[in-house]
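Observations on chain architecture
Residues per chain, in single letters:
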Amino acid sequence: MQAEVRVERYADQGRCVAHIDGRVVFVRFALPGERVVVQLDEPYDRDERFWTGEVVQILEASDDRVEPAWRLAGPLSTGGGVGGADLVHVALPGQIRWKSAVITDQMRRMGHVDIPDVRVARLEEDDEERGLHWRTRIELVADETGHVSMRRRASHEHVRVSTMPLASRALLAVADRFDLWNHEYEPGSIIRVAVPEPRDVHTSRMTYKALAQEVGGNYAIEVDGHVRSGEKRLKEAVDVDGRRYPFGVDAGGFWQVHRAAPAALLKYVMREVSEALSGTRSAVIWDLFCGSGLFTLPLAQTFSHSHVYGVEGSRTAVRGAERNLHVVKADNAQVVQGDVARVLRNVPDDFSKPDVVVLDPPRAGAKSGVCRQIADTGASTVVYIACDSTSLARDTATLTSLGYSLKAIQGFDIYPMTHHVETVATFVRGRD
Ligand SMILES: C[S@@+](CC[C@H](N)C(=O)[O-])C[C@H]1O[C@@H](n2cnc3c(N)ncnc32)[C@H](O)[C@@H]1O
């Protein structure tokens, strides 16, 4: 069924809200203010509280609308549907407005905090690259002929691809060198490519050949979790405030995907922690959900008279973090492997009263139990890095009910062309 609607406002998951006969419809590839024709997703049961659908025709376009720079990721009706870029129809400034509106709305409605519109920062070089070429990691699936492909939404169809416009230029150079797009794999296998960003060159000005040379052996092509080419342990470097932090990261493990995200997030987090600790010579800092130590290592090196207590669930990431700390001789940090909630029940006395807690949980957030454990320590500052603003808003409501107030909040557009956004919220103990 198709229907003509006036699009009203942004919703979650990259969709906008419209109404048909009083019923809510969540519309993909829409923008507020537009008049569009929507194809409703099947089945649209009469008893459903809301329907979902996708724009098939634009009758009145928003000023924020652009021609998708990656057609395959656009609407199904124009040959798209492969996913991975659900805001590809929106100009970059419009994407920022969208993300700011979503974070602000969720924080006000679910977090119950009275805040001005949240600022969302764009990352270095995204303007020049028009929001493309930022992914240092991609995942593809081999289609029935064995070629790399992406799955088309609402179908079992795999679409063979011959590039991936969100992939960094260094990654595309490696793909080119190995003729990834024409290679034949076992049908159904998962191909993951990871290429740390070369740091001392301007990648947009280099040929693929020169870039592949610059990358050298520091890349991984994994098939079903096994490295077929390159290195199992990748070398990442993060430059912040004139200092370079080196990290070894497992090829299949977690690392911030946007090539400029580690530096942007680290710079901001370090500033928040420095402010919180100003005048304190020796402190205890917790880094929960610490991965390979993106925050743990710089915190330990910068606050060398303090003790940093990291907690991480993945054994591989913990081993990586320990090795990373060892390489820079940061012996004032330790990383404990285990579920955060469980580990926090038995923290050694010396570290049980943190001054500052940094936490960077997965999409589901920290949840009320961990928020409570943090609040029970009496930590004066909590720096919460969130990849899901709904979870952040829910945990904000918990933290504020336990005596914290929101001191600062900023978004980072580390996932251009998608509805995803990273948010960093700083909470301090006590009321405003
Ligand atoms: C968003 S990542 C952040 C990692 C790190 N801060 C970074 O930026 O590289 C979340 C991390 O939490 C870990 N994790 C997820 N659930 C966990 C849990 N219940 N307990 C401990 N670690 C967990 C994951 O393995 C992952 O490394």
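Residues numbered from 1 in each chain as written. Predicted model: local features only at pLDDT ≥ 70, side-chain atom pairs only at ≥ 80, totals over all residues.

Some remarks on the overall build of the protein
Scanning the protein for helices and strands turns up nine helices and 22 strands. Its C-alpha atoms give the protein principal-axis dimensions of about 65 × 55 × 35 Å. A total of 432 residues make up the protein; the buried ones form 46% of that total. At a minimum sequence separation of 6, the contacts of the protein that also span at least 24 residues come to 66%. (Helix = DSSP H or I, 4+ residues; strand = E, 2+ residues; numbered from the N terminus. Buried ≥ 20, exposed ≤ 12 C-beta atoms within 10 Å, placed from the backbone. Contact = placed C-beta atoms within 7 Å.)

A short note on the sheet that holds strand β10 (residues 158-160)
Read from one edge to the other, the open sheet built from six strands follows the order β10-β9-β8-β11-β12-β13, with strand pairing classed as antiparallel. Of all the strands in the sheet, the pair left with one neighbour each is β10 and β13 (226-230). The average undirected angle you get between the axes of adjacent strands in this sheet is 40 degrees. Of the strand pairs in this sheet, strand β11 (residues 190-194) and strand β12 (residues 220-223) are connected by four bridges, and their pairing is antiparallel. (Pairing = 2+ DSSP bridges. Axes fitted to C-alpha atoms, helices over the stretch in contact; angles between N-to-C directions.)

A closer look at the UniProt feature "binding site: S-adenosyl-L-methionine" (unreviewed entry) in the protein
UniProt's entry tags Gln256, Phe289, Glu312 and Asp360 with the feature "binding site: S-adenosyl-L-methionine" (unreviewed entry), counted in the numbering of this structure. As for its position among the elements, Phe289 is in the loop between β16 (284-288) and α5 (296-302). In this structure, Phe289 is in contact with Glu312, Val340, Leu359, Asp360, Pro361 and Pro362, ignoring residues within four places of it in sequence. Inspection of the secondary structure assignment puts Asp360 in the loop between β19 (356-359) and α8 (367-377). If we skip the residues at most four places from it in the chain, Asp360 touches Phe289 and Ile385. (UniProt positions renumbered as here; feature names shortened; annotations may be inferred.)

Examining the site of the ligand
In the neighbourhood of the ligand, 19 residues make up the surrounding shell, with Phe289, Gly291, Leu294, Gly313 and Asp360 lying closest. Residue composition of the shell around the ligand, by class: 11 nonpolar, five polar and three charged. (Near = placed C-beta within 6 Å. Nonpolar A, V, L, I, M, F, W, Y, C, P; charged D, E, K, R; others polar.)

A word on the pairing of β12
Examined bridge by bridge, β12 and β13 share four bridges and lie antiparallel to one another. From the neighbouring strand, Ile221 faces β13, where its bridge partner is Ser229. Counting the residues between successive antiparallel strands, the hairpin from β12 to β13 contains two residues, one of them, Asp224, with a positive phi of roughly 45 degrees.

Quick word on the sheet that holds strand β6 (residues 50-60)
Taking strand neighbours across the sheet as the criterion, the six strands line up as β1-β5-β6-β4-β3-β2 in an open arrangement whose pairing is mixed. Pairing within the sheet leaves two strands with one partner each, and these edge strands are β1 (2-6) and β2 (9-10). Two elements, strand β5 (residues 35-40) and β6, share six bridges in a ladder whose sense is antiparallel. Looking at β6, one finds that Leu40 is bridged to Gly53.

A word on unusual backbone geometry
In this structure, Gln13 is a non-glycine residue whose phi angle is positive, near 55 degrees. Tracing the chain through its elements places Gln13 in the loop between β2 and β3 (15-20). C-beta crowding within 10 Å serves as the criterion here: with 12 such atoms nearby, Gln13 is assigned to the exposed category. A positive phi angle, close to 60 degrees, is found at Phe29, a residue other than glycine.

Let's talk about the domain arrangement of the protein
Parsing the protein into structural domains produces domain 1 (2-65), domain 2 (97-125 + 259-429) and domain 3 (137-250). Placing a centre on the C-alpha atoms of domain 1 and another on those of domain 2 gives a separation of 36 Å. Classifying every residue of the side of domain 1 that touches domain 2 by side-chain character gives one nonpolar, two polar and one charged. (Domains from an automatic or database assignment.)

Observations regarding the UniProt feature "active site" (unreviewed entry) in the protein
In this structure's numbering, the residues bearing the UniProt feature "active site" (unreviewed entry) are Cys387. Relative to the assigned elements, Cys387 resides in the loop between β20 (381-386) and α9 (389-401). Residues in contact with Cys387, not counting those within four places in the same chain, are Arg363, His420 and Glu422.

Considering α9
Taking 1.5 Å of rise per residue, 13 residues should cover 18 Å, and α9 covers 18 Å from first to last C-alpha, within 8% of that figure. Every buried residue of α9 is accounted for by Ser389, Ser391, Leu392, Ala393, Asp395, Thr396, Thr398 and Leu399. Positive phi shows up at Gly403, right after α9, with a value of about 105 degrees. (Expected span 1.5 Å × (residues − 1).)

Observations regarding the nonpolar core
Of all hydrophobic cores here, the largest spans 127 residues; its most connected members are Val174, Val269, Val273 and Val358. For this core, the element with the most residues is helix α4 (residues 261-277), which contributes 11 residues. Leaving out residues up to four positions away in the same chain, Val358 has contacts with Val269, Val273, Ile285, Trp286, Asp287, Phe295 and Val383. (Core = buried A, V, L, I, M, F, W, Y, C linked by C-beta atoms within 7 Å.)

Regarding the pairing of strand β18 (residues 333-337)
Across five bridges, the pairing between strand β17 (residues 307-312) and β18 is parallel. Across the sheet, residue Glu312 finds its bridge partner in β18, namely Gln337. Regarding topology, helix α6 (residues 315-327) serves as the crossover connection from β17 to the parallel β18, and that connection is right-handed. (Right-handed = clockwise from strand over helix to strand, strands pointing away.)

Comments concerning the environment of Ser162
In this structure, Ser162 sits in the loop between β10 and α2 (169-177). Spatially, the C-alpha atom of Ser162 lies 31 Å from that of Ala121, the residues being 41 residues apart in sequence.

What about the environment of Gln301?
With respect to the helices and strands, Gln301 occurs in helix α5. Spatially, the C-alpha atom of Gln301 lies 37 Å from that of Trp98, the residues being 203 residues apart in sequence. In this structure Gln301 touches Val328 and Ala330, once residues within four positions along its chain are discounted.

Examining α6
With 13 residues, α6 should cover 18 Å at 1.5 Å per step; its first-to-last C-alpha distance of 18 Å lies within 8% of that length. Within the sequence span of α6, burial applies to Ala317, Val318, Gly320, Ala321, Asn324 and Leu325. End-on, the buried residues of α6 take up no more than an arc of 160 degrees, which puts them together on one face. Every exposed residue of α6 that faces more than 90 degrees away from the buried side is listed here: Arg315, His326 and Val327. Lining the buried residues of α6 we find β15 (243-250), α5, β17 and β18. (Arc of directions from axis to C-beta.)

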